[in-house]
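One letter stands for each residue in the lines below.
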Amino acid sequence: MSSDYIPAISVQDIGKTFPRNNEESLIVLSSVSFDVAQGEFVGLIGPSGCGKTTLLRIICGFEKPDGGIVLIDGLPQDKPHRNALMLFQDFNQLFPWKTVLQNINHPLMATGFIKNKNKAKANALKRIEDVGLTGFENSYPHELSGGMKQRAAFARALALKPRVLSLDEPFASLDSITRRTLQELTRRVCEKYGVTVFFVTHSVEEAVIMADRIIVMKANPGQIERVFKNPCRESKDEAKRADFAREIQARLLEGVHENYGEITCAAE
Ligand SMILES: Nc1ncnc2c1ncn2[C@@H]1O[C@H](COP(=O)(O)OP(=O)(O)O)[C@@H](O)[C@H]1O
Ligand SMILES: [Mg+2]
């Protein structure tokens with residue numbers, strides 16, 4: 001790697017503490033550091049409450065860390081900017097009173113990213129095609145399924161040509177077939193446009209399907225437990241995938257046991 005290599009995301013020694021009423025403040029993140037290469041897909045997995053969403057919010061500039069710095073393409077990301085956008089699990093990310101096309105067009109015009117109305121529309125229509133929503137340009141969100149709403153939210157983010165997309169469990173509320181389709185679509189479209197993806201998931205299976213590398217976090221305080229390179233993202237060898245998934249699951253459980261002690265069944 002040459003010395004002028006700039007990672008897409010560089011998270012450097014991030015710490016975050018939230019105050020709590022009449023109680024000791026909560027250290028959510030402590031000394032979190034990692035890089036994500038240009039065009040890489042990195043999955044983040046960890047127990048509930050370990051600070052995953054907080055970390056994504058810091059990466060996208062929605063939340064300020066107490067210490068440390070986040071660089072996107074080598075530049076400090078200390079406020080929201082279209083170069084690092086975030087998508088959520090929630091199906092209600094669209095304006096309900098705007099059509100799919102209007103939802104995608106709106107931020108293009110409102111941010112001044114594209115000033116010409118016809119150019120904005122042409123860009124929006126291309127992104128609609130990318131996510132497989134052609135024919136639904138004039139539909140309102142209430143006329144779409146959950147998966148279609150997620151596709152529209154994805155198209156809206158893509159239209160702003162972000163360098164980085166942060167996904168906070170965006171497929172968690174979908175049925176398994178739609179989830180699989182959208183995992184593949186996200187991977188394919190982001191690869192096509194060279195968008196770097198950093199995603200949070202609860203699902204080891206999803207991480208193995210989508211990620212080039214998988215970061216396992218532990219809680220109290222949220223810290224990186226281990227980083228795995230995914231040896232079987234494109235492998236069709238189910239046994240190899242299952243072994244790798246078990247290794248990650250074991251690491252996750254170890255982190256949980258450290259926090260809460262061994263978990264035993266009442267019947268044992
Ligand atoms: N704005 C906030 N104020 C106070 N506490 C917060 C705030 N946001 C998150 N927390 C707390 O920080 C911890 C981590 O939250 P979060 O990042 O949402 O975890 P995760 O996404 O891993 O489930 C939780 O204990 C949560 O209650
Ligand atoms: Mg979360």
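Residues numbered from 1 in each chain as written. Chains lettered and ligands numbered in written order. Predicted model: local features only at pLDDT ≥ 70, side-chain atom pairs only at ≥ 80, totals over all residues.

Draft legend 1. Structural context of the site of ligand 1. By nearness alone, every residue bordering ligand 1 is listed as Phe18, Leu26, Val28, Ser48, Gly49, Cys50, Gly51, Lys52, Thr53 and Thr54. Mapped by element, the contributors of at least two residues to the shell around ligand 1 are strand 2 (23-36) and helix 1 (52-59). In terms of residue count, the dominant contributor to the shell around ligand 1 is helix 1 (three residues). Among the residues making up the shell around ligand 1, the classes are represented as four nonpolar, five polar and one charged. (Near = placed C-beta within 6 Å. Helix = DSSP H or I, 4+ residues; strand = E, 2+ residues; numbered from the N terminus. Nonpolar A, V, L, I, M, F, W, Y, C, P; charged D, E, K, R; others polar.)

Draft legend 2. Seen up close, the sheet that holds strand 1 (residues 9-20). With antiparallel pairing, four strands are arranged side by side in an open sheet as 2-1-4-5. Either end of the sheet is taken by a strand with one partner, and the two such strands are strand 2 and strand 5 (75-76). The sheet contact formed by strand 1 and strand 4 (residues 67-72) spans five bridges and is antiparallel. When the sheet's bridge partners are listed, isoleucine 9 is paired in strand 4 with isoleucine 72. Lying on the sheet, helix 1 is in contact with strand 1, strand 2 and strand 4; it crosses strand 1 at an angle near 120°. (Pairing = 2+ DSSP bridges. Contact = placed C-beta atoms within 7 Å. Axes fitted to C-alpha atoms, helices over the stretch in contact; angles between N-to-C directions.)

Draft legend 3. Local environment of the packing of helix 3 (residues 117-130) against helix 4 (residues 146-159). Close contact between helix 3 and helix 4 brings their axes to 9 Å; oriented N to C, the two are set at 135°. By the angle class used here, helix 3 and helix 4 are oblique. In this structure, the crossing between helix 3 and helix 4 has a hand that is right-handed. Residues Asn123, Ala124, Arg127, Ile128 and Asp130 of helix 3 pack against Ala155, Leu158 and Ala159 of helix 4. Broken down by class, the residue content of the contact of helix 3 with helix 4 amounts to five nonpolar, one polar and two charged. (Parallel < 35°, antiparallel > 145°, perpendicular 65-115°, else oblique. Left-handed = near helix turned anticlockwise from the far one by under 90°.)

Draft legend 4. The environment of methionine 148, seen in detail. Relative to the elements of secondary structure, methionine 148 occurs in helix 4. Its 19 C-beta neighbours within 10 Å are what place methionine 148 among the partly exposed residues. Once the C-alpha coordinates of methionine 148 and glutamate 24 are considered, the two residues, 124 residues apart in sequence, prove to be 43 Å apart. Those residues in contact with methionine 148 that sit more than four places away from it in its chain are Leu133 and Phe136. (Buried ≥ 20, exposed ≤ 12 C-beta atoms within 10 Å, placed from the backbone.)

Draft legend 5. Region of interest: the packing of helix 4 against helix 5 (residues 176-193). One can describe the packing of helix 4 onto helix 5 by two numbers: an axis separation of 11 Å at closest approach and a directional angle of 10°. Put simply, helix 4 runs roughly parallel to helix 5. In this structure, helix 4 contributes Gly147, Gln150, Phe154 and Leu158 to the contact, and helix 5 contributes Thr178, Leu182, Thr186, Val189 and Tyr193. Residues belonging to the contact of helix 4 with helix 5 are distributed by class as follows: five nonpolar, four polar and no charged.

All quantities given are derived from atomic positions and should not be read as evidence of function.
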